[in-house]
Amino acid sequence: MRFSLQLQRSTKWVKDRSGKAITVFAIFAGALAVISPALSPDGWGINADTSVVTKVVQELPGNVTKETTITTNSGKTVWDWLGLLGVPLSLFLLGAWFQSLQQKRAAAEKEAQRKQSEYETKEEVLQGYLDRISVLLVDKNLLGIAAKGDATSEQKELLTAAVDVIRARTLSILRRFEFDGRLKGHVIRFLIDTEIISKLKLNLSGANLSNADLREADLREANLGTVNFTHANLSGATFDRAFLQAANFSAANLSYASFFDAKLSRADLSGADLSRSLLSGSRLVSANLSRANLNGTILGQYTVESIQFNGITTPRMQFESAVLIGADLSDVTSDDETEWPIKELVIKAHGSLKIDEERKNYPVRA
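Residues numbered from 1 in each chain as written. Predicted model: local features only at pLDDT ≥ 70, side-chain atom pairs only at ≥ 80, totals over all residues. Heavy atoms only, no water.

A. Looking closely at the overall build of the protein chain. Scanning the protein chain for helices and strands turns up five helices and eight strands. Mapped from its N terminus to its C terminus, the protein chain presents α and β elements in the order α-β-β-α-α-α-α-β-β-β-β-β-β. In the protein chain, which comprises 366 residues, the share counted as buried stands at 35%. Taking all contacts inside the protein chain whose residues are at least 6 apart in sequence as the whole, residues at least 24 apart take part in 23%. Carbon together with sulfur atoms contributes 54% to the accessible area of the protein chain, which is approximately 21,900 Å² in total. (Helix = DSSP H or I, 4+ residues; strand = E, 2+ residues; numbered from the N terminus. Buried < 20%, exposed > 50% of the residue type's maximum accessible area, 1.4 Å probe, protein only. Contact = heavy atoms within 4.5 Å. Areas by Shrake-Rupley, 256 points an atom, 1.4 Å probe, with all protein chains shown as cover.)

B. Local environment of the confidence of the model for the protein chain. Confidence along the protein chain averages 75 in pLDDT terms, with 58% of residues attaining 70 or more. Ranking the elements of the protein chain by mean pLDDT puts strand 7 (residues 346-349) last, at 38, and helix 5 (residues 181-193) first, at 96. Across residues 342-366, where pLDDT falls below 50, the model places 43 contacts with residues more than four positions away in sequence or in other chains. (pLDDT = per-residue confidence, 0-100.)

C. Spotlight on the nonpolar core. Among the nonpolar cores identified, the biggest contains 62 residues, and Leu191, Phe229, Phe239, Leu244, Phe249, Leu254 and Phe259 are the most heavily contacted of them. The set of elements that each furnish at least two residues to this core consists of helix 2 (78-140), helix 3 (142-147), helix 4 (153-176) and helix 5. Counting residues per element, this core draws most heavily on helix 4, which supplies seven residues. Taken together, domain 1 (114-201) and domain 2 (203-365) each give at least three residues to this core, which thus spans both. Discounting residues that sit within four places of it in the chain, leucine 191 has contacts with Tyr129, Ile166, Thr170, Ile196, Ile197, Leu202 and Leu204. (Core = buried A, V, L, I, M, F, W, Y, C linked by side-chain atoms within 4.5 Å. Domains from an automatic or database assignment.)

D. The arrangement of the UniProt feature "coiled-coil region" (unreviewed entry) in the protein chain in detail. The UniProt feature table records "coiled-coil region" (unreviewed entry) at residues 98-125. Each end of residues 98-125 is marked by a C-alpha atom, and these two atoms are 40 Å apart; helix forms 100% of the span and strand 0%. (UniProt positions renumbered as here; feature names shortened; annotations may be inferred.)

E. Geometry of helix 4. For helix 4, with 24 residues, the first-to-last C-alpha span of 35 Å sits near the 34 Å given by 1.5 Å per residue. The set of residues buried in helix 4 consists of Leu159, Ala162, Val163, Ile166, Thr170, Leu171, Ile173 and Leu174. (Expected span 1.5 Å × (residues − 1).)

F. Helix 5, seen in detail. Taking 1.5 Å of rise per residue, 13 residues should cover 18 Å, and helix 5 covers 18 Å from first to last C-alpha, within 8% of that figure. Every buried residue belonging to helix 5 is among Gly181, Leu183, Lys184, Gly185, Val187, Ile188, Phe190, Leu191 and Ile192, and all of these are buried. Where helix 5 begins, the capping side chain belongs to aspartate 180, and its oxygen is found 3.2 Å from the backbone nitrogen of arginine 182. Where helix 5 ends, the next residue or the one after it, glutamate 195, has phi of about 65 degrees, a positive value. (Polar contact = N/O pair within 3.5 Å; in protein donor to acceptor, adjacent residues only side chain to side chain.)

G. Region of interest: a nonpolar patch on the surface. On the surface, a nonpolar cluster with roughly 430 Å² of combined accessible area is contributed by Leu94, Trp97, Phe98 and Leu101. Looking at where leucine 101 falls in the secondary structure, it is placed in helix 2. Exposure remark for leucine 101: the relative accessible area of 31% places this residue in the partly exposed category. (Patch = residues over 30% accessible without salt bridge, like charges linked within 9 Å, V, L, I, M, F, W, Y side chains within 5 Å. Salt bridge = Lys/Arg side-chain N within 4 Å of Asp/Glu carboxyl O.)

H. The arrangement of the pattern of salt bridges in detail. In total, this model carries ten salt bridges according to the counting rule given. Among the ionic pairs, glutamate 118 bridges to lysine 122, the shortest N-O distance being 3.5 Å. Separated by four residues within a single helix, glutamate 118 and lysine 122 lie in helix 2, roughly one turn from each other. Taking the relative accessible area as the measure of exposure, lysine 122 reaches 18% and is therefore buried. Here lysine 199 ties to glutamate 195 by a salt bridge, and the two come within 3.3 Å at their closest N and O atoms. A residue is classified by how much of its surface remains accessible, and lysine 199, at 45% relative accessible area, is partly exposed. In this structure, a network of salt bridges that share partners links the residues Glu111, Arg114, Glu118, Lys122 and Asp180.

I. Layout of the packing of aromatic side chains. In the structure shown here, the tally under the stated rule is six aromatic pairs. Ring geometry for tyrosine 129 and phenylalanine 190: centres 6.2 Å apart, planes at 70 degrees, overall edge-to-face. With tyrosine 129 in helix 2 and phenylalanine 190 in helix 5, this pair connects stretches of sequence that are 61 residues apart. Of the two residues, tyrosine 129 and phenylalanine 190, both sit in the buried class. Their ring planes at 90 degrees and their centres at 5.9 Å tell us that phenylalanine 249 and phenylalanine 259 sit as a pair that is edge-to-face. One end of the pair, phenylalanine 249, is in the loop between helix 5 and strand 3 (303-305); the other, phenylalanine 259, is in the loop between helix 5 and strand 3, and ten residues separate them in sequence. Site record: aromatic cluster; members linked through ring pairs are Phe229, Phe239, Phe249 and Phe259. (Phe/Tyr/Trp six-rings, centres within 6.5 Å; stacked < 30°, edge-to-face > 60°.)

Set out below in structure tokens:
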């Protein structure tokens with residue numbers, strides 16, 4: 001087996017370098033053919049020979065004349081050899097090029113087949129997940145038990161165990177689809193459509209939803225603490241009253257999203273697009289909004305403590321009745337349409353904005 005592996009490596013090494021060797025040889029031969037007349041006008045002496053012919057002529061009796069003729073063959077020139085070897089060399093180069101082309105085509109087809117097989121496998125895994133969860137919902141009547149106000153202790157235990165199973169399988173399949181945002185979106189939308197999130201209160205904390213396509217998804221009141229939403233498309237999504245503590249929204253698309261009364265303490269919103277989003281009533285204690293796009297964002301009616309606004313722009317942003325206690329507004333720029341909670345609380349210094357420490361606890365009115 002070791003010999004076979006070594007042979008494969010050697011063959012690959014030869015193939016990888018054969019193309020380069022052919023190219024170098026062709027360049028060398030061409031250059032030699034061009035400069036050879038200047039270096040050796042009479043040829044290179046290959047197959048060179050000299051012939052001597054002596055001719056005896058007797059013109060008169062006793063008068064003999066010898067005539068000697070020396071013929072020199074300087075040998076074949078490079079052009080002669082190239083002409084002689086041109087046909088087989090051309091065939092060899094053409095064959096090597098065709099073989100390389102075939103290998104590349106075969107590799108491309110193999111890669112396409114691999115991707116297709118991977119796609120079909122993922123689709124089968126997703127369908128299996130959907131089928132199992134659907135059967136569990138129907139067979140155990142989970143939604144019916146959850147809707148009961150007088151469920152027995154046995155039913156409650158069954159419901160708790162079933163939800164734990166759903167959570168485990170959901171987190172597992174999301175890990176399997178780590179780099180496939182499309183399939184992650186399908187999983188979450190299934191949980192939304194079947195009301196598993198809203199009625200069974202499925203806990204998705206810690207899930208990896210990076211790059212997920214969840215445009216206009218309804219995730220209100222969902223438990224999404226520490227969820228990874230990096231680079232996810234959440235445009236128009238609803239997170240009203242959701243638990244999003246320490247969630248990671250860095251570089252996510254949150255335009256037109258709603259976070260009314262959401263718990264966003266220690267959430268990372270750095271680099272996120274929050275344009276036209278609604279953050280009224282949301283709690284943003286120690287949240288990070290560095291480099292976020294807050295164009296037209298509404299943020300207010302709640303206390304904003306220790307929040308980082310470093311380097312953001314706030315055109316047409318509305319803070320309504322927010323209290324910016326200990327907020328870091330270094331390098332923040334705003335325009336005349338930005339509505340600060342109380343103008344006296346914010347002063348300009350060196351082209352930036354910061355909280356007036358002497359008046360940060362000034363009573364705020366809507």
